[in-house]
Amino acid sequence: MKIIMASDHAGVDLKLEIIDLLKNMGHEVEDMGPYTKEAADLSDYVYPAALAVAEGKGERGIFVDGVGYGSALIANRIYGIDAVVCQDPFCAQLAREHTDSNVLCLGGKIIGSAIALEIVRVWMTTDFLTEEKYIRRVNKVKEISERHLKPLDECN
């Protein structure tokens, strides 16, 4: 699976650890920056990374900032993105099983690397539950997107 990654300066170190984990798991990773810890605006990196996931240039995205919520806020503005913030492995499991999320957002200032790596491992290896109730719920969220967000091909 190809994973698109991005961060801000607060997430660079954790992002690099996650890249190593993903590669060891056999995934292809595209790091869309930043590449240093010099102050950087989150939207300059997460927005193009979220677009890349929405356009199918990667199957999933993992974004790391100080607390994770900034990345999710930006990513969820894009049609086709279902971004979640997870701070423990149980939430990561449910985020995949119940919502079929395609972007994981993590807070590099909130959680340590050991738990972050476990969150990523769980999120990457957990499948969406295809029970009727979860499909129905996900479809309702997609209907909201259809009403309020523009598909990418209508944005140009």
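Residues numbered from 1 in each chain as written. Predicted model: local features only at pLDDT ≥ 70, side-chain atom pairs only at ≥ 80, totals over all residues. Heavy atoms only, no water.

Trainee: Can you help me understand the environment of Ile18 in this one?
Mentor: Here Ile18 lies in helix H1 (residues 12–24). Sequence separation of Ile18 and Val64 is 46 residues, and the distance between their C-alpha atoms is 9.6 Å. If near-sequence neighbours (up to four positions away) are discounted, Ile18 is found in contact with Met5, Ile62, Val64, Leu106, Leu117 and Val120. (Helix = DSSP H or I, 4+ residues; strand = E, 2+ residues; numbered from the N terminus. Contact = heavy atoms within 4.5 Å.)

Trainee: It is not clear to me how the packing of helix H4 (residues 89–99) against helix H5 (residues 113–125) should be interpreted in this structure. Could you clarify?
Mentor: Two elements in contact, H4 and H5, have axes separated by 8 Å at closest approach and are oriented at 20°. One element, H4, and the other, H5, form an angle in the roughly parallel class. Considering the relative orientation of H4 and H5, their crossing is right-handed. Here H4 contributes Pro89, Ala92, Gln93, Ala95 and Arg96 to the contact with H5, which in turn contributes Ile115, Glu118, Ile119, Val122 and Trp123. (Axes fitted to C-alpha atoms, helices over the stretch in contact; angles between N-to-C directions. Parallel < 35°, antiparallel > 145°, perpendicular 65-115°, else oblique. Left-handed = near helix turned anticlockwise from the far one by under 90°.)

Trainee: Hey, could you run me through the side chain of Asn102 in this one?
Mentor: Mapped onto the elements of the fold, Asn102 is located in the loop between H4 and strand S5 (103–107). Among the polar contacts listed, one links the side chain of Asn102 to the backbone oxygen of Gly80, at a separation of 2.9 Å. Separated by 2.8 Å, the side chain of Asn102 and the backbone nitrogen of Asp82 make a polar contact. Beyond its immediate stretch of four places on either side in the chain, Asn102 contacts Val53, Glu59, Arg60, Gly61, Gly80, Ile81, Asp82 and Trp123. (Polar contact = N/O pair within 3.5 Å; in protein donor to acceptor, adjacent residues only side chain to side chain.)

Trainee: Explanation requested: the packing of aromatic side chains in the structure shown.
Mentor: For any pair of aromatic rings, the description consists of the separation of the ring centres together with the inter-plane angle of the planes. Evaluated as defined, the whole model comprises zero aromatic pairs. Arg60 extends its terminal NZ or CZ atom over the ring of Trp123, reaching a point 5.0 Å from the ring centre. (Phe/Tyr/Trp six-rings, centres within 6.5 Å; stacked < 30°, edge-to-face > 60°. Lys NZ or Arg CZ within 6 Å of the ring centre and 35° of its normal.)

The quantities given are spatial measurements derived from coordinates; they are silent on function.
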